[in-house]
Amino acid sequence: MIGLISATAAGAAARDRLAAAWPGRTRVYEGPVGEAVRAAFAECEQLVCFLATGAVVRLLAPLLAGKAADPGVVCVDEGGRFAVSLLGGHGGGANALAREVGAVLGAEPVVTTATDAAGLPGLDTLGLPYEGAVAAVSRALLDGEPVALEAEVAWPLPPLPVAPEGAYTIRVTDRAVAAGEREVLLRPPSLVVGVGASKGAPAEEVLGLVEEALREAGLSPRSVAELATVDAKAGEPGIVAAAERLGVPLVTYSAGELAAVEVPNPSDAPLAAVGTPSVAEAAALVRGGELLVPKRKSDARPAMATCAVVRRPGRGRLAVVGLGPGARDLLTPRAAAELRRASVLVGLDQYVDQIRDLLRPGTRVLESGLGAEEERARTAVAQAREGHAVALIGSGDAGVYAMASPALAEASDDIDVVGVPGVTAALAAGAILGAPLGHDHVSISLSDLHTPWEVIERRVRAAAESDLVVTFYNPRSRGRDWQLPKALGILGEHRDAGTPVGVVRNASRPDESGRLTTLGALDPATVDMMTVVTVGNTATRNIAGRMVTPRGYRWQEDPK
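So, here is what we can say about the structure in this document. (Residues numbered from 1 in each chain as written. Predicted model: local features only at pLDDT ≥ 70, side-chain atom pairs only at ≥ 80, totals over all residues. Heavy atoms only, no water.)

1. With respect to the overall build of the chain
Selection criterion: Here a helix means four or more residues in a row that DSSP labels H or I, a strand means two or more in a row labelled E, and each is numbered from the N terminus. Only protein chains enter the accessibility calculation, which uses a 1.4 Å probe; a residue whose area is less than 20% of its type maximum is buried, one above 50% is exposed, and one in between is partly exposed. Contacts were defined at the residue level, with two residues in contact if any of their heavy atoms lie within 4.5 Å. Only the protein chains shown count as covering a residue, and every accessible area follows the Shrake-Rupley method with a 1.4 Å probe. By the counting scheme adopted, Arg and Lys are positive, Glu and Asp are negative, and His together with the chain ends is not counted. The atoms used to mark charge sites are NZ of Lys, CZ of Arg, CG of Asp and CD of Glu.
Helix and strand counts for the chain come out as 18 helices and 28 strands. Across its three principal directions, the C-alpha atoms of the chain cover 90 × 65 × 50 Å. When each of the 560 residues of the chain is scored for burial, the buried share is 46%. Put simply, 64% of the contacts in the chain that link residues at least 6 apart link residues at least 24 apart. Taken as a whole, the chain presents about 25,700 Å² of accessible surface, with 52% of it coming from carbon and sulfur. For the chain, the distance from the average position of its 54 positive side-chain charges to the average position of its 66 negative side-chain charges is 2 Å.

Written out as structure tokens, the structure is:
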């Protein structure tokens, strides 16, 4: 919950705007400001104070308990110009909250945390348990000192400016080791503990067995991602309590799923009891991984619990990102966030140049030239399979004549895939021309590099016969100059010569140009590969120099 506190009418107005924008997330604290701050500090995870920073500092000072416990606090000035991350920038989420507040109120977020200011991800904000010298290693990164990354377990991390060797170290490990003086340990959730238990098995026996198995194998409990068992044991109190005390979810599988898993130590006892020859090993192995601790029983007599431990490899992450038509303000916030999250960027060289300044220090860039789409797709998927966080970029929307389809054709279910939509060339051109896509429309690429012309021509003819507005991508190049005249001729068989046609080159870029002509007057020689050509349907009109397709076919011949 976010507590909102204000002292003046202007502050209350901004406060109420925030409360209206975030229903269910916020609570307004009325009354004397000191009492309101103290109550919100005790009851809320975060605070937004519409007060001077000095006043908030004096009010908060007696309440501070420590970095790990204090809520995040953001201050907004009387004029609503700035949203200042004052307390708990990382641990309390105040840095992110300041940006959110700024987006709602139109205020400039002010973040002074050193790593954020330098564009580096905080080691304590990666979502992984951490140990060791966070401040010292972060300072080394900021000062440009060599910091080595030792990934004993492959895990997708954001970009970090690391070196092969260094006096400081970031180690990604699930082993039970102590951090060195100049080292940070990141604990990935890589371990799955499969458990089996007889009815009524005590929680202490289950938990003790799990902790002993991890300890003897030299594994950290902080890297346990889940406890896994058979469906029939989903409500077994000892197993449920052990998961709760470990702070991990309990995941269950059907007996049939577990029976299909090949294990080294099957047994007739669980087969008779729950229908599968293995519970602990099979539940740990069902989604793959390396068996680190084979099935073992507790030391109780009789033993009522079994467990096994598996290390699952980190799942790489592939974000297929649409950059939009070119203008920076048409790049979506989600796309920008994915670019900053990725440790590996794969893309066409000219697209990489467009967004290079948005990348965090340490991002590895794999760029190539025109005509290497399949190679880029394979590279991006391969990098994700190695456990990296990858962004594969394309112009417009990555799913429209771009990189999503070749990438997803290469990808299997061993990586996570995220699609980030972008503004397409057709939409950007349509906004320049007016409203040409107001009714049913279709996009057709005239490039026969990947599609036989016979197929393209059949699609153009179908669009012409269906009276669809048509946007032509890749309309004409130096080596391919006859397809556009042919396509326009097919449309001309079903539409008169006065049908409006919009021609837009480099939509949204500095050298953007757009013009409105007609089907009969368009000269194909004026069109190139950087151009989008939109041909109206029989209802499309030129109104005050704008191309407009009505939402229906009821149209005034002489609009007033």
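Text resumes after the structure shown.
2. Describing the sheet that holds strand β4 (residues 72–76)
To keep it simple, the criterion reads: Two strands qualify as a pair provided that DSSP identifies no fewer than 2 bridges between them. Convention adopted: a line fitted to C-alpha atoms gives each axis, helices being fitted over their contacting stretch, and angles between N-to-C directions are expressed from 0 to 180 degrees.
The six strands are arranged β2-β1-β3-β4-β5-β6 in an open sheet whose pairing can be described as mixed. Two strands lie at the open edges of the sheet, namely β2 (26–29) and β6 (108–110), each paired on one side alone. Across the sheet, the mean angle separating the axes of adjacent strands is 25 degrees when strand polarity is ignored. Helix-sheet contacts for helix α2 (residues 33–43) involve β1 (2–6), β2, β3 (46–50) and β5 (82–87), and the interaxial angle to β1 is about 170 degrees. Contacts between helix α3 (residues 53–60) and the sheet are confined to β3, β4 and β5, with β5 contributing the most and set at about 25 degrees to the helix.

3. A short note on unusual backbone geometry
With an omega of 0 degrees, the peptide bond between R301 and P302 qualifies as cis. For P302, the location among the structural elements is in the loop between β14 (290–297) and β15 (305–311). In this model, N506 sits at a positive phi of 50 degrees, which is unusual for a non-glycine residue. Among the structural elements, N506 can be located in the loop between β24 (500–505) and β25 (513–518). Since its relative accessible area comes to 8%, N506 is described here as buried. Here the phi dihedral of A544 falls at roughly 55 degrees; this positive angle occurs in a residue that is not glycine. Tracing the chain through its elements places A544 in the loop between β27 (541–543) and β28 (546–548). Looking at A544, the relative accessible area reads 67%, which means it is exposed.

4. Concerning the side chain of S368
Note on placement: S368 falls in strand β18 (residues 364–368). Residue S368 is classed as buried on the basis of its relative accessible area of 16%. The contact partners of S368, leaving out residues within four places of it in the chain, are G347, L348, D349 and R376.

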